[in-house]
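# Structural overview
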Amino acid sequence: MDWLQQLFNGISLGSIYALIALGYTMVYGIIKLINFAHGDVFMLGAFVGFFAITRWEMGFIPALITAMIVCAIIGVIIERVAYKRLRNATRIAALTTAIGVSFLIEYTMIFFRGATPEAYPKNVLPEKTIEILGAKLDYKIIFILIVTVILMVLLQFIVHKTKIGKAMRAVSYDADAAKLMGINVDNTISATFAIGSALAGAAGVIFGAYYTRIDPLMGVLPGLKAFIAAVLGGIGSIPGAMVGGFILGIVETIVSAVGYSLWRDAAAFIILILILLLKPAGLFGKNIREKV
Amino acid sequence: MLQVNNIDVYYGNIHALKGVSLEVNEGEIVTLIGANGAGKTTLLKTLSGLLKPKHGTILYNMQQIGGKPAQGIVKNGIVHVPEGRRVFANMSVEENLELGAFLRKDRDGIKKDLNRVYEMFPILNERRKQLAGTLSGGEQQMLAIGRGLMSKPKLLLLDEPSMGLAPIIVQQIFEIIQTINQEGTTILLVEQNAHMALSIADRAYVIETGRIVLSGSAKELQESEQVKAAYLGGV
């Protein structure tokens, strides 16, 4: 049952894309900015997790939480330092800045530690396999899937049930009206960056534990793919980012599995082109509301 | 309660308010009437902290609030129900009302006020789980006012509550405004519908191209030839 195994591989790759895509979509939803530095926060998360596991000898879960906290702080700093002052600037200025921040993070990392890759220790997650319907299933995959689902449920809970989540939805719908409710828009935007970056950090540690190899430029391609996933799901839509991430992961894995592994990356970009041509609002996208 | 002294407000390069002064006393309904683009909304946005005055002072209970951030002003009890209602269309009626109480921590008080709003607007109670975007214009206006009341206003700023509504609904909204006032909330009402506004107000100001050109008791203005000609259809 080879296809089943491929499906599970696709799902674990998809969880990583989905976790990163959530940050893209949340930030876009609230300040209409494509935060191109988001993939690099994912990379930083992978490195924080790596140090937590190898230097401070933490287990997977404590390392994951550490990376999430550190990335949340980094995300808030990025927003406060680079984006906040551009809130009333043109979108292209903010976008250019985001690309600049991305390069800054990548090359600062290379400057301080070099470009050599690191390898996560093999035994971070249990190396067992179990058999389901004849397919050999890595224990790792189940573990990753459970962690991803927990994080997504937690996110849904925060966004729909807590005060800060309601503030986030209000600000993303109408920032001025939110101010009139007494909502502090700056703090709400910071919270959005914190949550989105924490999810990217989690994705980084999961990536490291699963694929083992990490390096300072590892965020570039997954960052772009997650962006595609967010567009595919409908940028600004949280369920859209989750579904888009899983679809993209599964499609890529299938493309490799049928023997076109060189076309793997191209598949993602073809999806982007198709979605922009056929359904620019994405699968879960709302009709864009013109403000008068 | 509220004293606006000689404020100038700019939208970029446009000088939108030119030396505007006005006063609202506790317990009153004061209305500000004027044509489209005269500066009515700009004035309310300045009072609620969305815009900053360049010159002049805004005193609320003898404290300067001009240029302070919006959330501090809401906390002080000045609540702005914006033009065009601006309800959160992607959230339910009840979530909208809860957002009105965003800064409050008194759970019991919030519960009580929620019931009071539902009593005042029974239709909102029927539609509490419905998305705000699916409500009719009149219902959205009720929701916007209800949401404002959830912030526990001492001074309620209403921006064109009659806009785009059928006369019978306008009648209903204005009755509710009077009820809110009788229950102890001071009201500053901005309207294009001068006739309705003057009929419930104690005092009124007329604004034209960023300047206050007339003021007086609502009765006086209702009888003024100038107001009749310009805003009451020349009757």
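Residues numbered from 1 in each chain as written. Chains lettered and ligands numbered in written order. Predicted model: local features only at pLDDT ≥ 70, side-chain atom pairs only at ≥ 80, totals over all residues.

Check the secondary structure of chain A and you find 11 helices and four strands. Computed over the C-alpha atoms, the radius of gyration of chain A is 19 Å, within 12% of the 19 Å expected from 2.2 N^0.38 for a compact globule of 292 residues. Principal-axis analysis of the C-alpha atoms gives chain A an extent of 60 × 45 × 35 Å. With 292 residues in all, chain A has 50% of them scored as buried. Taking all contacts inside chain A whose residues are at least 6 apart in sequence as the whole, residues at least 24 apart take part in 75%. (Helix = DSSP H or I, 4+ residues; strand = E, 2+ residues; numbered from the N terminus. Rg over C-alpha atoms; globule rule 2.2 N^0.38 Å. Buried ≥ 20, exposed ≤ 12 C-beta atoms within 10 Å, placed from the backbone. Contact = placed C-beta atoms within 7 Å.)

Helix and strand content of chain B: 10 helices and 10 strands. In terms of overall size, chain B behaves like a compact globule, its C-alpha atoms giving a radius of gyration of 17 Å where 235 residues would be expected to give roughly 18 Å. Each principal axis of the C-alpha atoms in chain B carries an extent, and together these give about 45 × 40 × 30 Å. With 235 residues in all, chain B has 46% of them scored as buried.

Next up on the list: the UniProt feature "transmembrane region" (unreviewed entry) in chain A. Under the present numbering, the feature "transmembrane region" (unreviewed entry) in UniProt falls on residues 6-26, 59-78, 90-112, 141-159, 189-211 and 266-285 of chain A. Summarising residues 266-285 of chain A: 65% helix, 0% strand, and an end-to-end C-alpha distance of 24 Å. (UniProt positions renumbered as here; feature names shortened; annotations may be inferred.)

To continue, consider the packing of helix H5 (residues 139-161) of chain A against helix H6 (residues 163-173) of chain A. Residues and elements named next belong to chain A. Two numbers describe how H5 lies on H6: the axes approach to 5 Å, and their chain directions differ by 75°. With respect to their mutual orientation, H5 and H6 come out roughly perpendicular. Each of Ile158, Val159, His160 and Lys161 in H5 lies in contact with H6, whose residues at this interface are Ile164, Gly165, Met168 and Arg169. Residue classes in the contact of H5 with H6 are distributed as four nonpolar, two polar and two charged. (Axes fitted to C-alpha atoms, helices over the stretch in contact; angles between N-to-C directions. Parallel < 35°, antiparallel > 145°, perpendicular 65-115°, else oblique. Nonpolar A, V, L, I, M, F, W, Y, C, P; charged D, E, K, R; others polar.)

This part covers the sheet that holds strand E4 (residues 55-60) of chain B. All names here are of chain B. Spatially, four strands are ordered E2-E1-E4-E5 in an open sheet, and the strand pairing comes out antiparallel. Edge positions in the open sheet fall to strand E2 (14-24) and strand E5 (63-64), since each of these has one partner strand only. Across five bridges, strand E1 (residues 2-11) lies against E4 in antiparallel orientation. What sits directly across from Gln3, in E4, is Leu59. Running over the sheet, helix H1 (residues 40-47) touches E1, E2 and E4 and is turned about 70° from E2. (Pairing = 2+ DSSP bridges.)

With that settled, the discussion passes to the interface of chain B and chain A. Interface size is commonly expressed as the accessible surface area that is lost when the partners come together. Between chain B and chain A, the residue contacts involve 18 residues of the former and 14 residues of the latter. With four residues, the top contributor of residues to the side of chain B that touches chain A is helix H2 (residues 70-76) of chain B. Classifying every residue of the side of chain B that touches chain A by side-chain character gives nine nonpolar, six polar and three charged.

Here the focus is the environment of Leu2 of chain B. Residues and elements named next belong to chain B. Along the polypeptide, Leu2 turns up in strand E1. According to the C-beta neighbour criterion, Leu2 is buried, with 22 such atoms within 10 Å. Placed 87 residues apart in sequence, Leu2 and Ala89 show a C-alpha to C-alpha distance of 32 Å. In contact with Leu2, not counting residues within four places along its chain, are Glu23, Val24, Tyr60 and Leu155.

Here Val93 of chain B is to be found in helix H3 (residues 93-100). For Val93 of chain B, the contacting residues outside a window of four places in its chain are Leu124, Arg127, Arg128, Gln130, Ala132 and Leu143 of chain B.

A few words on the pairing of E1 of chain B. All names here are of chain B. Taken together, the seven bridges between E1 and E2 define a ladder with antiparallel strand orientation. Paired with Tyr11 across the two strands is Ile14, which belongs to E2. From the end of E1 to the start of E2, which pair antiparallel, there are two residues, and Gly12 there has a positive phi angle of about 60°.

For the rest of this paragraph, the subject is the sheet that holds strand E8 (residues 186-191) of chain B. Residues and elements named next belong to chain B. Taken in spatial order, the six strands line up as E6-E7-E8-E3-E9-E10 in an open sheet, and their pairing is mixed. Edge positions in the open sheet fall to strand E6 (78-81) and strand E10 (211-217), since each of these has one partner strand only. The mean angle between the axes of side-by-side strands here comes to 15°, regardless of whether they run parallel or antiparallel. Note: strand E3 (residues 29-33) against strand E9 (residues 203-208), four bridges, orientation parallel. Bridge pairing in E9 links Ile33 to Val206. Running over the sheet, helix H7 (residues 167-182) touches E3, strand E7 (155-159) and E8 and is turned about 155° from E8.

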